[in-house]
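Each chain, letter by letter, is given below.
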Amino acid sequence: MNKNIALAALIVLGSQGISLAQETRLPAKEYKNVRPEVMNKVKTMAEELIKKGFTAGDGYGEVWIRDLNTFIELSCKVNDKSQIRKHLITFFQFQQPDGSILDGYIPSEKAGTEGKFYKSDLVPGFLGHKNTVETDQETSLIQAIAKYIRITGDKTILNDKVAGLTVKNQMERAMDFLMKERFNEKYGLIWGATTADWGDVQPEQGWGVVIDENTHRAIDIYDNAMFLIAMEDFMAVGDLSADQTRKWKGIYKNVRQNINKYLWDDQAQKYIPHVYLNGSPFPASFDESKVYYHGGTAVAIEAGLLTKKQVKEAYQKMQQNVKDAHAATIGLTLYPVYPAGTFQNKVMGPYSYQNGGDWTWFGGRMVTQLIRYNLLAEAKEALDPMLARVISNNGFYEWYTPDNKPKGSSSFRGEAGVLWTAINELEKKK
């Protein structure tokens, strides 16, 4: 890890897309799906899907911020700017007194009976919800606002008032929530419940999406890498005062250093799954240290935490995991998987859902990072099977089994968004 690189240099490097990296020499091998006609078809399919709405996909009545954050770039291309702005503002209208941001919101008549719902006088006719086991809602909204501003040039959204405060003020309230309610002083990092990589299901009790007395609190790479990106975005678009800039640069520097100190296993050259704050929920017979988190690693790379050499090594490890798991793509959530019975929610069995399911939603983000680091041969190799199954299934599915069977939503906008972004980034390299 490059622990001594100055913060300013890191921010410049990230903003320039790693301009100093050298392009890898492409192998002679050609990938039949990574060619203009296929990529254009997938892009068109993605654009048509995103034109139809803002929910996560069929089967979801809610607009989720973690999903919207991954297709907002495409949405800004094909949808009316005012509608996108309205959805972003709605999350602030549901913002809680402590500054926290909800996962999503849904028309009241479409809401189910399970789980806790939140009301807001600012959004009559809608209900909100939050999977409190995760700690990415606030950071996802900050990132989404920054993407909206960068693409549309509309910085006036920062001055919109919600509950008497500007959006810019509410953004900082959301970030302050993480520091007040989800920050662990001992490790200098933010925490959430124990989940599988970027997932929002804990092993303990029932559906497993709400922190309770059974929760095993833990620190992981995904939450903290998302926090780094959000802080960088906030500093970049927020027109901060000198005091605000000093505050968030200091927090950024410390979180970055503590990620390197506590989460990176230098010997194994990987991120450890969890630093536990009150014990592990998994049996001692299972060596969790061997588990490789694909999604969290991809987001860490987006946060600029790994060198180009380490990015390439991470990709090679992911491909070896794909081979060992007999899976289809590097969207494989993690490997090895958590054993049967370790999650009470039955959907979290081995190689299912977030426990070893294959999600282009994160695999596509890794492709974009490979492109960012000019690892173009690797990017094409990783992208090819992802494009192939979109064409084969005539749609964007939420996740896939190791043998490539589609599962979940058949119109998953997160997958469409990340593939559209990856294809566009690859096309820019030509």
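From a predicted model like this one, the values you see are computed outputs, not experimental measurements. (Residues numbered from 1 in each chain as written. Predicted model: local features only at pLDDT ≥ 70, side-chain atom pairs only at ≥ 80, totals over all residues. Heavy atoms only, no water.)

> Looking at this structure, how should I read the overall build of the protein chain?
Helix and strand counts for the protein chain come out as 13 helices and 16 strands. Projected onto its principal axes, the C-alpha coordinates of the protein chain cover approximately 60 × 50 × 50 Å. In the protein chain, buried positions account for 60% of the 430 residues. Partitioning the intrachain contacts of the protein chain with sequence separation of at least 6 by distance along the chain shows that 72% fall at a separation of at least 24. Accessible surface computed for the protein chain: about 17,400 Å², of which carbon and sulfur atoms make up 50%. A distance of 4 Å separates the average location of the 52 positive side-chain charges in the protein chain from that of its 51 negative side-chain charges. (Helix = DSSP H or I, 4+ residues; strand = E, 2+ residues; numbered from the N terminus. Buried < 20%, exposed > 50% of the residue type's maximum accessible area, 1.4 Å probe, protein only. Contact = heavy atoms within 4.5 Å. Areas by Shrake-Rupley, 256 points an atom, 1.4 Å probe, with all protein chains shown as cover. Lys, Arg positive; Asp, Glu negative; His and termini not counted. Charge placed at Lys NZ, Arg CZ, Asp CG, Glu CD.)

> Would you mind showing me how to read the sheet that holds strand β2 (residues 104-107) here?
In a beta sheet, neighbouring strands pair by backbone hydrogen bonds and run either parallel or antiparallel. Taken together, the 3 strands give an open sheet; going across it, the order is β1-β2-β3, and neighbouring strands pair in antiparallel fashion. Each edge of the sheet is formed by a strand with only one pairing partner; in this case those strands are β1 (63-64) and β3 (126-129). The sheet contact formed by β1 and β2 spans 2 bridges and is antiparallel. Bridge pairing in β2 places W64 opposite G104. Its contacts with the sheet place helix α4 (residues 81-93) against β1 and β2, and it is angled at close to 105° to β2. (Pairing = 2+ DSSP bridges. Axes fitted to C-alpha atoms, helices over the stretch in contact; angles between N-to-C directions.)

> In this structure, what is going on with the packing of helix α7 (residues 221-237) against helix α9 (residues 294-302)? I would like to understand it.
Helices that pack against each other are described as a pair by the angle of their axes relative to one another and the distance between those axes. Interhelical geometry of α7 versus α9 gives an angle of 20° and a closest axis separation of 8 Å. Looking at the two axes, α7 sits roughly parallel to α9. The two elements α7 and α9 meet at a crossing, and its hand is left-handed. Touching I221, Y222, A225, M226 and I229 of α7 are G296, V299, A300 and E302, all from α9. (Parallel < 35°, antiparallel > 145°, perpendicular 65-115°, else oblique. Left-handed = near helix turned anticlockwise from the far one by under 90°.)

> Would you mind going over the packing of aromatic side chains with me for this structure?
One pair of aromatic rings is described through two measures. These are the centre distance and the angle between the planes. Tallied over the entire structure, the rule returns 22 aromatic pairs. Between W198 and F362 the ring centres are 4.4 Å apart and the planes differ by 15°, which places this aromatic pair in the stacked class. Remark: F362 occurs in helix α11 (residues 360-372) and W198 occurs in the loop between β8 (192-193) and β9 (217-219); sequence separation between them is 164 residues. Judged on exposure class, the residue W198 and its partner F362 are both buried. (Phe/Tyr/Trp six-rings, centres within 6.5 Å; stacked < 30°, edge-to-face > 60°.)

> What is the right way to read the environment of S410 from this model?
Its location among the elements puts S410 in the loop between β16 (406-407) and α13 (413-428). Not counting chain neighbours up to four residues away, the residues in contact with S410 comprise D58, G395, F396 and Y397. A distance of 2.6 Å separates a polar atom in the side chain of S410 from a polar atom in the side chain of D58. (Polar contact = N/O pair within 3.5 Å; in protein donor to acceptor, adjacent residues only side chain to side chain.)

> Is there a simple way to explain the sheet that holds β9 in this structure?
Ordered in space as β8-β9-β12, the 3 strands form an open sheet in which the pairing is antiparallel. For this open sheet the edge positions go to β8 and β12 (275-276), each flanked by a neighbour on one side alone. Two elements, β8 and β9, share 2 bridges in a ladder whose sense is antiparallel. Considered in β9, the bridge of G192 is made with A218.

> How do you make sense of the pattern of salt bridges when you look at a structure like this?
Proximity of charged atoms lets side chains of opposite charge pair with each other. For the coordinates displayed, the defined rule picks out 18 salt bridges. The salt bridge involving D243 is made with R246; its shortest N-O contact spans 2.7 Å. One end of the pair, D243, and the other, R246, are both in helix α8 (residues 242-262), 3 residues apart, so they sit about a helical turn from each other. For the pair D243 and R246, one class covers both residues: exposed. Across the pair K428 and E425 runs a salt bridge whose closest N-O atoms are separated by 3.0 Å. One end of the pair, K428, and the other, E425, are both in helix α13, 3 residues apart, so they sit about a helical turn from each other. Residue K428 is classed as exposed on the basis of its relative accessible area of 60%. Each of the salt bridges in this network shares a partner with another, and the network as a whole consists of R66, D136 and D200. (Salt bridge = Lys/Arg side-chain N within 4 Å of Asp/Glu carboxyl O.)

> Before we go on, may I ask you to explain α8 in this structure?
Since the α-helix packs 3.6 residues into each turn, any two residues three or four apart lie on the same face. Between its first and last C-alpha atoms α8 spans 30 Å; for 21 residues at 1.5 Å apiece the expected length is 30 Å, and the two agree. Of all the residues in α8, the buried ones are Q244, W248, I251, Y252, V255, R256, N258, I259 and N260. (Expected span 1.5 Å × (residues − 1).)

> Would you mind going over unusual backbone geometry with me for this structure?
A negative phi angle characterises most non-glycine residues, just as the trans form characterises most peptide bonds. Y335 connects to P336 through a cis peptide bond whose omega is -5°. As for its position among the elements, P336 is in the loop between β14 (334-335) and α11. A positive phi angle, close to 55°, is found at N394, a residue other than glycine. Mapped onto the elements, N394 comes out in the loop between α12 (376-393) and β15 (399-400).

> Would you take a moment to explain helix α6 (residues 167-181) for this structure?
Taking 1.5 Å per residue, 15 residues should reach 21 Å; α6 reaches 21 Å between its end C-alpha atoms and fits that length. Among the residues making up α6, those that are buried are V167, Q170, M171, E172, A174, M175, D176, F177 and L178.

> What should I look at first to understand the confidence of the model for the protein chain in this one?
In low-pLDDT regions, the fine details of the predicted coordinates are not to be read closely. Mean pLDDT over the protein chain stands at 93; residues scoring 70 or higher make up 93%. Between residues 1-26, whose pLDDT stays under 50, and residues either more than four places distant or in other chains, the model counts 41 contacts. (pLDDT = per-residue confidence, 0-100.)

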